[in-house]
Amino acid sequence: MEDKNQEFKEYLELRPELGEALKKTQEVIRNTFNQLSKQWAENMKPVKKYLEKNKEAFDLLDKWPELTGLTIDELDNMEIWQVVELVNEKLKEEIQEIELLDGIVPESYIIPNNKLVNTMAKGEVLCNENFNLRINNENKKEILTKVSLNYDDENIQIYDKNKRFTPYDRTVHNAVCSLFEAGNTNFTPDQVYRAMNGLDDQQYVSPQAVGAITRSLDKQRRIYAKIDYTNEAKAHRKDVNSCIVEDYILSAKKITLEAGGQRVTGYKLNSKPILYQYAQVSGQVLTVPSKLLNTKDVIRSTEDVIIIREYLIRRIEVMKKNKDQSNRILLERVYEELNEPEPTKKKALKVRNIIEKLLSKFVSEKYIKNFEFYKEGRAFKGIEIFY
């Protein structure tokens, strides 16, 4: 009993010191906690920022295997930042800029028609080579314009094995120019097809036609053109030092477009097509009513029909504007447009039938007065146009 009393007595004597020690300990604990809290908050800032930045990826947690192409087990073996980085890359590929489709139907069809475009369509201006274009001015003096066409990346798949700008590419290009001139800054392959054929925005376009146009558009987005027409400009103005234009034949990016509540893949032009821009400088642009291209009531718009129709219109327009121009169109020139300089008899007959139907339509539209085929010996030589 005395021992316990002694312990209690000692406790009473030490109580003030113990209280002071306890008080100091509590203060240390409190300060330590406050410091830890501040440090935790500071440490959590980048974590919070990271989570906010990658919220879109985290929200798609259940879809990560689908987005990354990896299994759950494979994802489990990766660091979280690696997974998020991978998902973000996939999201960049999948999530595109979405715009409303302009959807303006062109009333006029635009045709850049100068020596450069004509030479390119004939396959004489080859890619990855420099080309000197010889042009005669009004005084019949020869002027040299330097042209180069290059694919921006040799590893990019180009759909045309000859890597050339074809007559079909030209019609696609001109349809884009027509859409641009009408006020469209974005467009779909369907719209390009309709513009090529003078159709309204309700006409059905087959997947095959969309595929052909898409391949042409993508090819033209890969061909980089540089045109140095300084000598041409100097022939008209003495104060010109240099005139060079360079850009992709069609400077456009792929985007997602929304039309009628649906989302479709389309294109957005970054600038006026370079061949159109160059043709405007020299005033060599033809413009015809878009309805002239609508020949669906007499013939189906195959690739051959599209090429022949535009060629006939170009030739007729030049005849009308230049009275010194012959009113005859050689069939061999039409065959060359189709890249068949020596067609079989069957092909030649097919081409003549296409021409007859198209020109008959032009007569009914009062675009020309009449036409007739003429021969050289027993063989058909060409078509004479009466306007």
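As the structure is a prediction and not an experimental result, all values here were calculated from the model.

Caption draft 1: Seen up close, the overall build of the chain. Along the backbone of the chain there are 14 helices and 13 strands. Among the 387 residues that make up the chain, the fraction classed as buried is 40%. Considering only intrachain contacts with a sequence separation of at least 6, the fraction spanning at least 24 residues in the chain is 63%. Accessible area of the chain: about 23800 Å², with a carbon and sulfur share of 47%.

Caption draft 2: Layout of unusual backbone geometry. Residue N339 is not a glycine yet carries a positive backbone phi of 60°. Tracing the chain through its elements places N339 in the loop between α13 (331-337) and α14 (345-364). Phi is positive for K366, which is not a glycine, with a value near 60°. Relative to the helices and strands, K366 is located in the loop between α14 and β12 (370-376).

Caption draft 3: The pairing of strand β9 (residues 262-269), seen in detail. The pairing of strand β5 (residues 186-187) with β9 spans two bridges and is classified as antiparallel. Within β9, the residue paired with F187 across the bridge is Y267. Counted between consecutive antiparallel strands, the loop separating strand β8 (residues 252-259) from β9 contains two residues, among which G260 sits at a positive phi close to 60°.

Caption draft 4: Examining the pattern of salt bridges more closely. Using the criterion set out here, one finds 16 salt bridges in the structure. Here K361 ties to D297 by a salt bridge, and the two come within 3.0 Å at their closest N and O atoms. Residue K361 is found in helix α14, and its partner D297 is found in the loop between β10 (285-289) and α12 (303-321); the two are separated by 64 residues along the sequence. Across the pair E332 and R333 runs a salt bridge whose closest N-O atoms are separated by 3.2 Å.

Caption draft 5: Inspection of the side chain of R194 at higher detail. Looking at where R194 falls in the secondary structure, it is placed in helix α8 (residues 189-196). The side chain of R194 is buried and forms no salt bridge, while D190, the nearest opposite charge, is found at 4.3 Å. At a separation of 3.5 Å, a polar atom in the side chain of R194 contacts the main-chain carbonyl oxygen of D200. Among residues more than four places away in sequence, those in contact with R194 are L199, D200, D201, Q202, Q203 and V205.

Caption draft 6: Examining the packing of helix α7 (residues 167-182) against helix α11 (residues 274-281) more closely. Viewed as axis vectors pointing N to C, α7 and α11 meet at an angle of 75°, and their least axial separation amounts to 10 Å. Looking at the two axes, α7 sits roughly perpendicular to α11. Contacts between α7 and α11 involve H173, C177, F180 and E181 on the former and, on the latter, L275, Y276 and Q280. Its residues placed into classes, the contact of α7 with α11 shows four nonpolar, two polar and one charged.

Caption draft 7: The sheet that holds strand β13 (residues 379-386), seen in detail. Overall, antiparallel pairing links the three strands, which are arranged β11-β13-β12 in an open sheet. Across the chains shown, the open sheet's two edge strands, defined by having one partner strand only, are β11 (328-330) and β12. Mean inter-strand twist for the sheet, computed between neighbouring axes without regard to direction, equals 30°. Pairing geometry for β11 and β13, over three bridges, is antiparallel. Considered in β13, the bridge of I329 is made with I383.

Caption draft 8: Quick look at the packing of aromatic side chains. Across all of its chains, the model carries six aromatic pairs by this definition. Here the aromatic rings of F187 and Y267 are separated by 5.7 Å at their centres, their planes lie at 20°, and the arrangement is stacked. Taken together, the residues span a long stretch of sequence, with F187 in strand β5 and Y267 in strand β9 at a distance of 80 residues. Using a relative accessible area of 1% as the deciding quantity, one classes F187 as buried. According to the relative accessible area criterion, Y267 is buried, its value standing at 2%. The interplanar angle of 80° and the centroid separation of 5.4 Å between the aromatic rings of F362 and Y367 together place this pair among those described as edge-to-face. Residue F362 shares its accessibility class with Y367, and that shared class is buried.

Caption draft 9: Molecular detail of the nonpolar core. In terms of nonpolar packing, the biggest core is built from 73 residues, with V192 and L359 touching the most fellow members. Counting residues per element, this core draws most heavily on α12, at nine residues. For V192, the residues in contact, after removing those within four places along its chain, are V172, A175, V176, L179, F187, I213 and L217.

Caption draft 10: Representation of the side chain of T171. Mapped onto the elements of the fold, T171 is located in helix α7. Aside from chain neighbours lying at most four places away, what touches T171 is Y109, M196, I306 and E310.

Caption draft 11: Layout of helix α9 (residues 207-220). Taking 1.5 Å as the rise per residue, α9 with 14 residues should run 20 Å; its terminal C-alpha atoms sit 20 Å apart, in good agreement. The element α9 is largely enclosed, with a buried count of ten among its 14 residues. Those residues of α9 not exposed but buried are A209, G211, A212, I213, T214, S216, L217, D218, K219 and Q220.

What counts, and at which threshold
Residues numbered from 1 in each chain as written. Predicted model: local features only at pLDDT ≥ 70, side-chain atom pairs only at ≥ 80, totals over all residues. Heavy atoms only, no water. Helix = DSSP H or I, 4+ residues; strand = E, 2+ residues; numbered from the N terminus. Buried < 20%, exposed > 50% of the residue type's maximum accessible area, 1.4 Å probe, protein only. Contact = heavy atoms within 4.5 Å. Areas by Shrake-Rupley, 256 points an atom, 1.4 Å probe, with all protein chains shown as cover. Pairing = 2+ DSSP bridges. Salt bridge = Lys/Arg side-chain N within 4 Å of Asp/Glu carboxyl O. Lys, Arg positive; Asp, Glu negative; His and termini not counted. Polar contact = N/O pair within 3.5 Å; in protein donor to acceptor, adjacent residues only side chain to side chain. Axes fitted to C-alpha atoms, helices over the stretch in contact; angles between N-to-C directions. Parallel < 35°, antiparallel > 145°, perpendicular 65-115°, else oblique. Nonpolar A, V, L, I, M, F, W, Y, C, P; charged D, E, K, R; others polar. Phe/Tyr/Trp six-rings, centres within 6.5 Å; stacked < 30°, edge-to-face > 60°. Core = buried A, V, L, I, M, F, W, Y, C linked by side-chain atoms within 4.5 Å. Expected span 1.5 Å × (residues − 1).

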